[in-house]
Amino acid sequence: MVIAAVALAALVSLAPSLYDVVDKGKGPPIVPYEGSGVVYKVRVLDQFTVYADEESRPTPDKLSTIGLVAAASMSLMTLLLLRAAGADARWRRFYAFATAGLAYLAADELFAFHETLGHNLQFLADLPGVERPDDVVFLSYGVPLAIFAWAFRDILLSNKRAVQLFAVGTCFFAVSAAADLAGVGIDEPAEVVASICLAAGLVLITTQILRRELRLEPEHSSGFVRRAESKPRVLSGARPG
């Protein structure tokens, strides 16, 4: 999984070099009909010509938003399932905080909360090594994230593969933050890979918890019931049949 994450990072970084935008425009001469938006004429690997609509461009912001919305939805559904099953309150708190945090990050990615907040806190740009105030706001997100990780470290460390993915995701998040501060153009691809790694680790933990806690079997009258964990008790002296 770690190798796959590194390969994904390389793919995201090299993606712009795999194609070349030959031309763009609305309608003729790009396409023989009038279009409502801009159409790109793209040459892929110098072998194929593809026509793409402007809205189809897979920007890193779109990919990050999709991943965060998916992770928040998964956490919310897991929370509802664990609550319905009467699972341990600690697990329910874990997914409640995870849902809230992921939903906020998705909204931040979609509506640019930290950029807007940074524009209204311009004094932060006076700090050493800071060019834009929103960079400080973005880095401050690491504080509640660190508190969450420490408070629920037993859950986050319960799956070895998830720990590896979290480690890789954290490294790429640090690379993204450092590149953003330095003005290097690899911050957004690194952020996408970090989001994918962290979401994949959460999926592994969620799968493990649901398999352990929601051992369900169908029941005709009331939907689902928890499967019995222990063997039936045999009364002393009882005869078979």
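Summary of the structure given here. These numbers were taken from a predicted model, which means no experiment stands behind them.

Rules of the game
- Residues numbered from 1 in each chain as written.
- Predicted model: local features only at pLDDT ≥ 70, side-chain atom pairs only at ≥ 80, totals over all residues.
- Heavy atoms only, no water.
- 1 Å grid on protein atoms, 1.4 Å probe; cavity = no way out; pocket = protein on both sides within 12 Å on 5 of 7 lines; lining within 4 Å.
- Points joined across faces, edges and corners; volume = space filled by probe spheres on them.
- Helix = DSSP H or I, 4+ residues; strand = E, 2+ residues; numbered from the N terminus.
- Nonpolar A, V, L, I, M, F, W, Y, C, P; charged D, E, K, R; others polar.
- Core = buried A, V, L, I, M, F, W, Y, C linked by side-chain atoms within 4.5 Å.
- Buried < 20%, exposed > 50% of the residue type's maximum accessible area, 1.4 Å probe, protein only.
- Lys, Arg positive; Asp, Glu negative; His and termini not counted.
- Salt bridge = Lys/Arg side-chain N within 4 Å of Asp/Glu carboxyl O.
- Contact = heavy atoms within 4.5 Å.
- Phe/Tyr/Trp six-rings, centres within 6.5 Å; stacked < 30°, edge-to-face > 60°.

1. Looking at the layout of surface pockets
Turning to step 1, where the next piece is worked out: Empty space within the largest pocket amounts to approximately 1200 Å³.
Turning to step 2, where the next piece is worked out: Along the walls of the largest pocket sit 34 residues, with Leu102, Leu105, Leu145, Phe148 and Leu198 positioned nearest its centre.
Turning to step 3, where the next piece is worked out: Broken down by secondary-structure element, the contributors of at least two residues to the lining of the largest pocket are α2 (60-84), α3 (89-111), α6 (142-151), α7 (153-156), α8 (160-182) and α9 (187-213).
Turning to step 4, where the next piece is worked out: Residue contributions to the lining of the largest pocket peak at eight residues, all from α3.
Turning to step 5, where the next piece is worked out: When grouped by side-chain class, the residues that make up the lining of the largest pocket number 24 nonpolar, six polar and four charged.

2. Here's the deal with the nonpolar core
Turning to step 1, where the next piece is worked out: Membership of the largest hydrophobic core comes to 21 residues, with the highest contact counts inside it found for Phe94, Tyr95, Ile155, Ile205 and Ile209.
Turning to step 2, where the next piece is worked out: Breaking this core down by element, the ones donating at least two residues are α2, α3, α7, α8 and α9.
Turning to step 3, where the next piece is worked out: Considering each element in turn, this core owes the most residues, six residues, to α3.
Turning to step 4, where the next piece is worked out: Core analysis: the next-biggest nonpolar cluster, separate from the first, contains six residues, Val168, Val193, Ala194 and Cys197 among them.

3. Examining the side chain of glutamate 191
Turning to step 1, where the next piece is worked out: Structurally, glutamate 191 is set in helix α9.
Turning to step 2, where the next piece is worked out: No salt bridge is formed by the buried glutamate 191. Its closest oppositely charged neighbour is arginine 132, at 9.2 Å.
Turning to step 3, where the next piece is worked out: Ignoring any residue separated from it by four or fewer positions in sequence, one finds glutamate 191 in contact with Ser64, Glu109 and Ser176.

4. Here we look at the packing of aromatic side chains
Two numbers describe a pair of aromatic rings. These are the distance of the centres and the angle of the planes.
Turning to step 1, where the next piece is worked out: Within the structure shown, the criterion is met by ten aromatic pairs.
Turning to step 2, where the next piece is worked out: An angle of 90° between the planes, with centres 4.9 Å apart, marks the rings of phenylalanine 94 and tyrosine 95 as edge-to-face. Note on accessibility: phenylalanine 94 and tyrosine 95 belong to one class, buried.
Turning to step 3, where the next piece is worked out: Look at phenylalanine 94 and phenylalanine 152: their rings are 5.5 Å apart centre to centre, the planes differ by 70°, and that puts the pair in the edge-to-face class. Placement of the pair is phenylalanine 94 in helix α3 and phenylalanine 152 in the loop between α6 and α7, with a sequence separation of 58 residues.

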